[in-house]
Amino acid sequence: MQKTDPRYRHFIQILREELVPAMGCTEPIAIAYGAAKAREILGKLPDSVTVEASGNIIKNVKSVVVPNTGGLKSIEAAAAAGIVAGRAEKILEVISEVSKEQKAEIKNYLETHEIKVLPASGDTVFDIIITLKSGEDSVLLRIADYHTNIVRIEHNGEVLLSHGEVSTSTKSEGLTDRSCLSVEGAVDFATTCDLDDVRELVERQIDYNYAIAEEGLKNAWGANIAGVLRENYGDDIKVRARYMAAAGSDARMSGCEMPVIIVSGSGNQGITASVPVVEYAKELGKSRDETVRAVLLSDLLTIHLKTGIGRLSAYCGAVSAGCGAGAAIAYLNGGGFKEVAHTLVNSLAIISGMICDGAKPSCAAKIAAAVDAGILGWNMYKSGRQFRGGEGIVTKGVEATIDNVGRLGRLGMRETDREIIKIMTGCK
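Residues numbered from 1 in each chain as written. Predicted model: local features only at pLDDT ≥ 70, side-chain atom pairs only at ≥ 80, totals over all residues. Heavy atoms only, no water.

**Focus: helix H2 (residues 26-42)**
Basically, it comes down to this: The helix count covers DSSP runs of H or I at least four residues long, the strand count covers runs of E at least two residues long, and both are numbered beginning at the N terminus. Helix span, as expected, comes to 1.5 Å for every residue beyond the first. Exposure categories follow from relative accessible area, calculated using a 1.4 Å probe and restricted to protein chains: below 20% of the type maximum is buried, above 50% is exposed, and the middle band is partly exposed.
Here H2 spans 24 Å end to end across 17 residues, near enough to the 24 Å set by a 1.5 Å rise per residue. The element H2 is largely enclosed, with a buried count of 13 among its 17 residues.

**Section: the pairing of strand S7 (residues 158-162)**
Applicable threshold: Strands are labelled as partners when DSSP assigns at least two bridges between them.
Looking at chain direction, strand S6 (residues 150-155) and S7 are connected through four bridges and run antiparallel. When the sheet's bridge partners are listed, Arg152 is paired in S7 with Ser162. In sequence, S6 turns back onto S7 through a hairpin of two residues, with Asn156 there showing a positive phi of about 50°.

**Considerations on the environment of Ser347**
Threshold: Should any heavy atoms of two residues lie within 4.5 Å, those residues are considered in contact. As used in this structure description, the phrase polar contact means that two N or O atoms lie within 3.5 Å; if the pair is within protein, one of them must be able to donate a hydrogen and the other to accept it, and residues adjacent in sequence are counted only when both atoms belong to side chains.
Structurally, Ser347 can be placed in helix H13 (residues 337-351). The spacing of Ser347 and Gly324 is 23 residues in sequence and 9.1 Å in space, taken between C-alpha atoms. Ser347 has contacts with Cys323, Ala373, Gly374 and Gly377, leaving out every residue within four places of it along the chain. Of the polar contacts made by the side chain of Ser347, one reaches the backbone oxygen of Thr343; its length is 2.8 Å.

**Side note on the pattern of salt bridges**
Note the threshold: Salt bridge, as applied in this entry: a Lys or Arg side-chain nitrogen positioned within 4 Å of an Asp or Glu carboxyl oxygen.
In this structure the tally under the stated criterion is 29 salt bridges. Among the salt bridges present, the one from Lys90 reaches Glu97, with a minimum N-O distance of 3.5 Å. Among the residues examined, Lys90 registers a relative accessible area of 24% and is labelled partly exposed. Assessed through its relative accessible area of 43%, Glu97 is described here as partly exposed. One salt bridge in this structure joins Arg142 and Asp127, with 2.8 Å as the shortest N-O distance. Here Arg142, found in strand S5 (residues 137-144), pairs with Asp127, found in strand S4 (residues 127-134); they are 15 residues apart in sequence, far enough to count as distant. Linked through salt bridges whose partners overlap, the residues forming this network are Asp196, Arg199, Glu203, Asp207, Arg288 and Asp289.

**Some points on the nonpolar core**
Heads up, the condition is: By convention a nonpolar core is built from buried Ala, Val, Leu, Ile, Met, Phe, Trp, Tyr and Cys residues, the set being connected through side-chain atoms within 4.5 Å.
Residues Ile128, Phe189, Val198, Leu296, Val340 and Leu344 are the most contacted members of the largest nonpolar core, which totals 136 residues. With 10 residues, helix H12 (residues 317-332) is the single largest residue contributor to this core. Counting residues in hydrophobic clusters, the runner-up holds five residues, among them Cys25, Val64, Met253 and Ala359.

**Let's talk about the pairing of strand S2 (residues 48-53)**
In S2, alternate side chains face the same way, and those of Val49, Val51 and Ala53 are buried while those of Ser48, Thr50 and Glu52 on the opposite face are not. Sheet analysis places S2 next to strand S3 (residues 114-119), joined by six bridges and oriented parallel. By the bridge assignment for S3, Val51 is matched with Val117. Examined bridge by bridge, S2 and S4 share six bridges and lie antiparallel to one another. Looking at the pairing, Val49 lines up with Leu132 of S4.

**Re the confidence of the model for the protein chain**
Rule in force here: Every residue gets a pLDDT, meaning the predictor's confidence in that residue, from 0 to 100.
Summarising the model, the protein chain shows a mean pLDDT of 95, and 98% of its residues fall at 70 or more. Segment residues 167-171: pLDDT under 50, and nine contacts once partners within four positions in sequence are set aside and those in other chains are kept.

**Quick look at the sheet that holds S3**
In plain terms, the rule: Inter-axis angles, ranging from 0 to 180 degrees, are taken between N-to-C directions of lines fitted to C-alpha atoms, where helices are fitted over the stretch in contact.
The strand order across the open sheet formed by six strands is S3-S2-S4-S5-S6-S7, and the pairing between neighbours is mixed. Strand pairing shows two members of the sheet lacking a second neighbour, S3 and S7, which therefore form its edges. Between one strand axis and the next, the sheet turns by 10° as a mean value, whatever way the strands run. Docked against the sheet, H2 engages S4, S5, S6 and S7, running at close to 150° with respect to S5.

**What to know about the packing of aromatic side chains**
Worth spelling out the cut-off: Any pair of Phe, Tyr and Trp rings, taking the six-membered ring for Trp, is counted once the centres come within 6.5 Å. Such a pair is stacked with planes under 30 degrees apart, edge-to-face with planes over 60 apart, and tilted for the rest.
As enumerated under the stated definition, the model contains two aromatic pairs in all. Between Tyr8 and Phe189, the aromatic rings sit 5.1 Å apart at their centres with planes inclined by 65°, giving edge-to-face as the arrangement. In this pair, Tyr8 sits in helix H1 (residues 6-18) while Phe189 sits in helix H6 (residues 183-192), placing the two residues 181 residues apart along the sequence. Like Tyr8, the residue Phe189 is buried in the burial classification. For the ring pair Phe11 and Phe189, a centre distance of 5.3 Å and an interplane angle of 70° mean the geometry is edge-to-face.

**Digging into helix H15 (residues 398-412)**
For the record, the criterion: The arc under discussion is defined with respect to the helix axis, by the directions toward the C-beta atoms.
In a regular helix each residue adds 1.5 Å, so 15 residues correspond to 21 Å; H15 covers 20 Å between its end C-alpha atoms and thus fits that length. Taken together, the buried positions of H15 are occupied by Val398, Thr401, Ile402, Val405, Gly406 and Gly409. Projected down its long axis, H15 carries its buried residues within an arc of 145°, all on one side. Counted as exposed and oriented over 90 degrees from the buried face of H15: Asp403, Arg407 and Gly412.

Okay, structure coming up:
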């Protein structure tokens with residue numbers, strides 16, 4: 001792909017928007033970020049706090065540990081952490097620097113102040129509205145569509161910021177249009193781009209995400225899926241690729257205070273898109289540059305697959321990343337567009353529809369399953385086997401199949417999403 005191709009500039013900008021650091025699960029961190037920013041505007045600790053959150057936010061915060069809080073979970077804990085110790089300028093690393101004294105202050109604030117959590121009204125899938133009050137002073141701050149997108153700020157009734165209507169579709173205002181993405185374009189860009197244009201972004205992802213995977217393998221975080229896989233399945237590369245990614249997720253879901261580089265708004269997806277590819281690159285003796293190109297491809301494919309589904313859905317995002325990683329593994333083995341496309345179709349046919357029931361330790365096992373599907377999709381093609389158009393959701397052409405998956409996750413699983421949220425919140 002030539003630098004004069006309009007897609008070239010768009011692909012780089014998309015990567016800049018997607019490959020950003022975060023510490024902790026991004027939904028509670030988005031709440032902490034919003035709370036820290038609102039507290040900054042209020043200028044003092046609030047007496048009372050109200051957090052209105054859409055169902056998918058509630059789902060993804062309910063069961064995950066908020067880092068630097070001493071093991072606390074919940075929307076209330078995320079908000080309190082942001083209010084007491086958050087540094088809004090660090091965005092999704094907002095609570096990465098919390099002292100021992102501040103951890104005690106967070107717990108004390110939760111015990112002595114009212115933090116009310118309410119379901120957000122309307123149909124916006126990603127919606128967080130935080131209201132802080134102290135005496136006669138108040139701040140309202142709203143984040144919508146994606147994790148750092150502050151769309152409204154009011155201070156004592158005065159509107160300081162307003163971005164108008166928010167989206168109820170998969171499009172996110174303020175982000176580069178993702179319609180330029182395609183499998184063929186991603187392969188072309190990954191193969192021919194000037195690596196200096198993307199090296200810093202992708203190498204940081206490799207370094208951060210592999211580091212937390214190594215931490216997850218070293219210590220038995222969460223459900224220790226990595227240890228279970230290693231003990232029962234051995235150390236073959238096909239197993240290592242699965243358990244290293246799972247290890248990173250287990251550590252992250254259980255409050256590990258190490259940053260990751262996210263993809264499509266998710267640290268788990270960022271880990272899944274990168275760590276298995278790095279593991280295969282090591283096994284195959286690939287150079288650093290070859291590894292960067294393969295991870296770059298996995299990232300672009302993950303973003304492309306996830307775009308039609310939306311940031312939050314009942315469709316597990318690890319599926320997109322695991323299938324993207326499998327396609328990048330095919331690429332590392334010398335595959336081009338044909339091999340990548342067939343790997344994607346095969347793997348999507350295997351595992352599409354795995355549900356997202358929030359962030360928690362079982363994410364690590366789902367990641368292992370998604371990576372396994374990606375690897376199986378590649379091995380199927382190597383063995384001359386494939387799923388063909390007309391079989392289930394598979395149709396002729398990789399882009400048409402991706403469109404079907406997007407439709408499934410975005411539209412077909414809406415009612416599934418509602419039922420999952422009802423189950424998780426104890427509603428009948």
